[in-house]
Amino acid sequence: MTDRAVNHATFTHERTYPAAPARVFAAWADPDTKRRWLGAGDDYELSFEIGGHETVQASHEGKKITWHTTYVEIVPSERIVYTATLHFDDTLATASITTVELTSSGDSTTVVLTEHGAYLDGHELPEWREEGTATQLDNLTEEFS
C-alpha cells in the first residue's frame, strides 16, 4: 500500500502591472494572451466564465500532466476565483482554490493572488507550485511592455 499524506500550504504573490484593471483582467480572460504568459503549449483550452474550465496538458519525465481549472467566481476587473486539480497520469497530485484580486493604483493595477492547496502523497511540493506561479505572474509583465 502507498503511504498517504496531505501537505496543506498557502502562498500569496503580489505584482503591480503598468496597465488599467480592465486590461490586466483581459489578459486572464483571453485564451491566446493567457496561453502566452501561462507558458501553456498547444494542448490548451479556456472557457472564461463562471462554471467554465481551463485545461493545460503537457508531458514531463514520461508522465502526462493535466492541470484542470473550474471558474467559480468572476467579477470583471476586480476578482477571479477558481478551483484547480493537477494530475500526473491518472494520479491526483494537488487540489487547490485560488483567488486573484485586482486593485487600481493610479495608472497601474495591483494583483494579489492567494492559493490554498492540498498536496497529496508527495507528488507535488508546495514550493514547486509557488515558484511556478511566480514565474507565470512575472511572464504576465511582458504583456504590458
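Residues numbered from 1 in each chain as written. Predicted model: local features only at pLDDT ≥ 70, side-chain atom pairs only at ≥ 80, totals over all residues. Heavy atoms only, no water.

### A closer look at the pattern of salt bridges
For side chains of opposite charge, pairing can occur when their charged atoms come near one another.
Turning to step 1, where the next piece is worked out: According to the stated counting rule, one finds seven salt bridges in the structure shown.
Turning to step 2, where the next piece is worked out: Of the charged contacts, one joins Lys-34 and Glu-54 as a salt bridge, the two residues approaching to 3.0 Å between their closest N and O atoms. With Lys-34 in helix H2 (residues 31–38) and Glu-54 in strand E3 (residues 53–60), this residue pair connects regions lying 20 residues apart in the sequence. Taken as a pair, Lys-34 and Glu-54 share a single burial class, namely buried. (Salt bridge = Lys/Arg side-chain N within 4 Å of Asp/Glu carboxyl O. Helix = DSSP H or I, 4+ residues; strand = E, 2+ residues; numbered from the N terminus. Buried < 20%, exposed > 50% of the residue type's maximum accessible area, 1.4 Å probe, protein only.)

### What to know about H2
An α-helix turns once per 3.6 residues; consequently, residues spaced three or four apart project the same way.
Turning to step 1, where the next piece is worked out: Buried within H2 we find Thr-33, Lys-34, Trp-37 and Leu-38. Within H2, the buried residues cover an arc of 120° as seen down the axis, which keeps them to one side. Turned more than 90 degrees off the buried face of H2, the exposed positions are Asp-32 and Arg-36.
Turning to step 2, where the next piece is worked out: Backbone geometry just downstream of H2 places Gly-39 in the positive-phi region, at approximately 80°. (Arc of directions from axis to C-beta.)

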